[in-house]
Amino acid sequence: MAVRHKLIAREPSALWAVLEDESRYADWVVGTLDSAPGNGCWPEVGSSIKYTVRVGLKEFHGHTTVRRLDAPHALELEAYGGPLGTARIAFDIRPWGDKTLVILDEHPLRGLGGSLHNAVIDAFAQIRHRSMLRRLAEVVEGLPQDAGRAKG
């Protein structure tokens, strides 16, 4: 299981402003070229986004479905990787003073990926997560200071 954390120098509402915007996933998810709305109203449970991933010269199209939403504390997704199966991607979001602690937990869930899951795959996931959480922090911290705050 690949678990990694990152302290983001913004309030949880700013992080949620990014997580709730399906068009921003390509800005921080490693390897994703673009993202677009799928089914439903993101990030409601059962809704999905579509995306394109490039591996070398090949492009693959996939989708990710929201499986659990407990805003502003948790978001759990199931990413479909074609023949490799699916992965569970869980964000545990905690206020940390005036900052946000994000704990990312990802592991293969179904299909071939789950059958072949081992420590080597987890090591690669750790490298990917380090980069992904760094990029997520950059996107969130780059938002205007009032982003994500309730209007009114």
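As a reminder, the structure under discussion sits directly above these lines.
Computed from a prediction, not measured in an experiment: that's the story for all the values here.

> Tell me what's going on with the packing of aromatic side chains, and back it up with residues and numbers.
Using the criterion set out here, one finds three aromatic pairs in the structure. Here the aromatic rings of Y25 and W42 are separated by 5.5 Å at their centres, their planes lie at 85 degrees, and the arrangement is edge-to-face. Of this pair, Y25 sits in helix α2 (residues 25-28) while W42 sits in the loop between β2 (32-37) and β3 (48-55), placing them 17 residues apart in sequence. The rings of Y25, W28, W42 and F91 are connected pair by pair, giving a single aromatic cluster.

> Tell me about the environment of M132, and name the residues and values.
The topology assignment puts M132 in helix α4 (residues 119-141). Given the relative accessible area of 3%, M132 is considered buried. Setting aside residues no more than four positions away along its own chain, M132 makes contact with W28, V29, V30 and L104.

Rules of the game
Residues numbered from 1 in each chain as written. Predicted model: local features only at pLDDT ≥ 70, side-chain atom pairs only at ≥ 80, totals over all residues. Heavy atoms only, no water. Phe/Tyr/Trp six-rings, centres within 6.5 Å; stacked < 30°, edge-to-face > 60°. Helix = DSSP H or I, 4+ residues; strand = E, 2+ residues; numbered from the N terminus. Buried < 20%, exposed > 50% of the residue type's maximum accessible area, 1.4 Å probe, protein only. Contact = heavy atoms within 4.5 Å.

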